[in-house]
Amino acid sequence: MKRIFTVLLLTGFVLSTLFVSCKKEETGTIKIGAIFAVTGGASFLGAPEAKTAEMVVEGINANGGVNGMQIELIIKDSAANPEKAISFAKQLIEEDQVLAIIGPSTSGETMQIKDICESYKVPLVAAGAAEAIVDPVASYVFKTPQKDSYVAKWIFTTMKSMGIKRIGVVAANTGFGNAGKGQLEKYASDFGIEIAIAETYDKAATDLTALLTKLKAQNVDAVVNWSIVPAQSIVPKNMKQLGMEVPLFQSHGFGNIKYVEAAGEAAEGIIFPAGRLLVAEKLADGHPQKENLVAYKTAYEAKYGEDVSTFGGHAYDAVMLVIEAIKSADSLERKEIRDALEAISGFPGTGGVFSFSASDHNGLGMDSLEMLTVMNGQFDFLQ
Amino acid sequence: MSPEQILQYIFAGITVGSIYAFVAIGYNIIYNTTGIINFAQGEFVMLGGMISFTLSKFMPLLPAIILAVLITAAIGGLIEIVFIRRMRKSSVLGMVVVTIGISILLREAALYIWDEQIRALSFFTGTEISSVNILGARISPQVLWVLGVTSIIVGGLYLFFKFTLTGQAMRACSENSRAAKLCGIKTDSMVNLSFMLSAGIGALGGCVVSPLTQTHYAMGTDLAIKGFIVAILGGLGNPIAAVAAGLILGLLESFSISILPMAYKDVISVIILLIILVVKPSGLFGSKQASSLKDF
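Now for a look at the structure at hand. In this text the structure is predicted, and so the values were computed from the model without any measurement.

**Some details on the interface of chain B and chain A**
Listed by partner, the interface residues are 35 residues for chain B and 37 residues for chain A. A combined buried area of about 2,900 Å² lies between chain B and chain A, and 57% of that area is made up of carbon and sulfur atoms. When the buried surface of chain B facing chain A is broken down by residue, Glu116, Glu128 and Met262 of chain B rank first, second and third, together holding 21% of it. Viewed at the interface, chain A and chain B are joined by 0 salt bridges. On inspection of chain B and its partner chain A, the count reaches 7 residue pairs in polar contact (both at pLDDT 80 or more). Where the side of chain B that touches chain A is concerned, the elements lending two or more residues are helix H1 (3-34), strand E2 (137-139), helix H8 (187-213) and helix H10 (239-259) of chain B. Per-class residue counts for the side of chain B that touches chain A are 18 nonpolar, 12 polar and 5 charged.

**Notes on the pairing of strand E13 (residues 370-375) of chain A**
Successive side chains on a regular strand alternate, one facing one side of the sheet and the next facing the other. Residues and elements named next belong to chain A. As paired strands, strand E10 (residues 271-274) and E13 are joined by 4 bridges and run antiparallel to one another. By the bridge assignment for E13, Ile271 is matched with Thr373. Looking at chain direction, E13 and strand E14 (residues 378-381) are connected through 4 bridges and run antiparallel. Residue Val374 lies in a different strand from E14, and its bridge partner there is Phe379. What sits between the antiparallel neighbours E13 and E14 is a turn of 2 residues, in which Asn376 has the positive phi angle 50 degrees.

**Section: the packing of helix H3 (residues 82-94) of chain A against helix H4 (residues 107-120) of chain A**
Packed helices, taken two at a time, are described by the angle between their axes plus the distance between the axes. Residue and element names in this part refer to chain A. Where H3 contacts H4, the two axes come as close as 8 Å, and the packing angle between them is 25 degrees. On the basis of the axis angle, H3 is roughly parallel to H4. When you trace H3 past H4, the crossing you get is right-handed. Of H4, the residues touching H3 (which contributes Pro82, Ala85, Ile86, Ala89, Lys90, Ile93 and Glu94) are Glu109, Gln112, Ile113, Ile116 and Tyr120. Across the contact of H3 with H4, the residue classes tally to 8 nonpolar, 1 polar and 3 charged.

Reading the values: rules and limits
- Note on numbering: residues in each chain are counted from 1, in written sequence order.
- For naming, the first written chain is A and the first written ligand is 1, with later ones following in the order written.
- In view of the model being predicted, local features appear only for residues whose pLDDT reaches at least 70, and side-chain atom pairs are presented and counted only at 80 or more, with totals across whole chains, interfaces and linings using the full set of residues.
- Heavy atoms throughout the structure, all of them, feed into the side-chain values; hydrogens and water do not.
- By the convention used here, residues are in contact when the closest approach between their heavy atoms is within 4.5 Å.
- Buried area: the sum, over both parts, of the accessible surface (1.4 Å probe) that disappears when the two are put together.
- The term salt bridge refers to a pairing of a side-chain nitrogen on Lys or Arg with a carboxyl oxygen on Asp or Glu at a separation within 4 Å.
- Throughout this description, a polar contact denotes any pair of N or O atoms lying within 3.5 Å of each other; where both atoms belong to protein, one of them has to be capable of donating a hydrogen while the other can accept it, and for residues adjacent in sequence the pair is counted only when both atoms sit in side chains.
- Helical segments are the DSSP runs of H or I of at least four residues, strand segments are the runs of E of at least two, and each set is numbered from the N terminus.
- The classification used treats Ala, Val, Leu, Ile, Met, Phe, Trp, Tyr, Cys and Pro as nonpolar, Asp, Glu, Lys and Arg as charged, and all other residues, Gly among them, as polar.
- When DSSP finds two or more bridges between two strands, those strands count as paired.
- Fitting a line to C-alpha atoms yields each axis, with helices limited to the stretch in contact; the angle taken between N-to-C directions then spans 0 to 180 degrees.
- Roughly parallel here means an angle under 35 degrees, roughly antiparallel means over 145, roughly perpendicular means 65 to 115, and every remaining angle is called oblique.
- Helix crossings are classified by the rotation of the near helix relative to the far one: an anticlockwise turn of less than a right angle makes the crossing left-handed, while a clockwise turn makes it right-handed.

And the structure:
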């Protein structure tokens, strides 16, 4: 009996070593690559993303890893440079032999490496916002931030209920800004809203009073600004200074309390759609996302001493989705991970409840966003 | 366009123009004593905003700003002693490259000391939402501060260069550094002073505009480029002309927005620069003879 047990144990051991070596994982760790814009112009995205990914992986490894294996996270800093993103993607795939890649932070970079991941058949879970990342669907490419068409539709729905008819649109000349402006122009007529004027400004613009003077002359009922920092704090300030009293709508890029602080009193009353992370504590107790959101928020703020942002949340979702896929995949092959990712359904993340399918690699619905506003320097639900 | 709107565009143009001028003044002061373009000038503006923001948590606004200006001026002086003084024997072009290196160094140091977050100094008078009505145009009270400080700097520089011995000595260095040395002027000290002066002025500008434009560790590069355009436009070597050129460029940009989409703003300013350089290579206010004597 004892001998049979020993033989079985040995066989099991040999088989498992064989199994592991099949997966090119001699060290017993699972390698996940990450490309984030930790420095450079998009560091406000990449820095919290990299910190989040590090924190999540540390936590998982401390609790015994996934399926008994430790996760090795290899983070590359692309500085929001698409060329760097391309070379890092190739390096991660060919030299580091990672199982999957999370990131990049920006839409521009993601679009550059979409084809690379597709042709090398490496699962990519991106943190870029633009809809083009998953439309058309590439079988190995997923993304965690909510689609920008949802954002546009939410803005218009809210405007309709407020009786707003004529609006002015301003957007930064970035991939994010242009994509958002495009979505607004695409859906405005569906909601019976007229875009009286649409303008693009330099992403590093420091004073936009001249542009807003032009909008003011058009007598618009509301202004939509689709940009990231610094303009999303400058537009509200400049509007107040010009004495423009119409409501200001912003994109989901406004999802960091720091931007509210930067705009100070001028931020009061800004309306924007965002994931529920920003109002985690204010959610009803039974909400499926609440537990995860509060856990992530508390852990992040305790570890890094800075406020949580929805951007870090996108990285949290990306890591957690890959881990979830590793847990449910039959083996640690890239193809199996891809299949497992696509099969994920009803997974509560920070951006919403993810349910992927062959035709939907974003996996979030309109209900993943809430209309928020700024009240007394805090994010709150729009009443 | 109604008169109120025209006035509004004028104010917008002057605000932006003053920011350009702050950088361009710094270029000119250093150019005058050394003949080099200091591409780290935009970083001085950034440092002024960052340091004063940090200090303003521990003390009232005014001492925070004064201290930030002094610290940045000291950094400027230190840069001259550590890097520029040793390199002075090398070519002008070599030194320009050194200043680009310094700008990268300062930027990365700022990222390390602070972080990637955007900061804004609190408004000197009023808050983000205060607005002053001037003949129907509405502006932030901070704009008046920017204009006031710009005027004081311009007036102060004019008096300094015209009437003080040190100012005259600095001008002498710019005319002919060897002759100045023979007259007993310590050219090394003058160069050092010029770095401190332009760093201090840049920092002061950074403090005054911070509530409006906000401060970010990487803001220097864009400022350096616009400031350079303005310095060339006004004619290198003339700080007062730089202010005029800054205001002209700001106004042109502002009014171009009223007619054309804002996306073309930078195209317009570059086209104007090219036209002026073709028609009058020494800049709007520069003299042809003087520019032919300069290294570049």
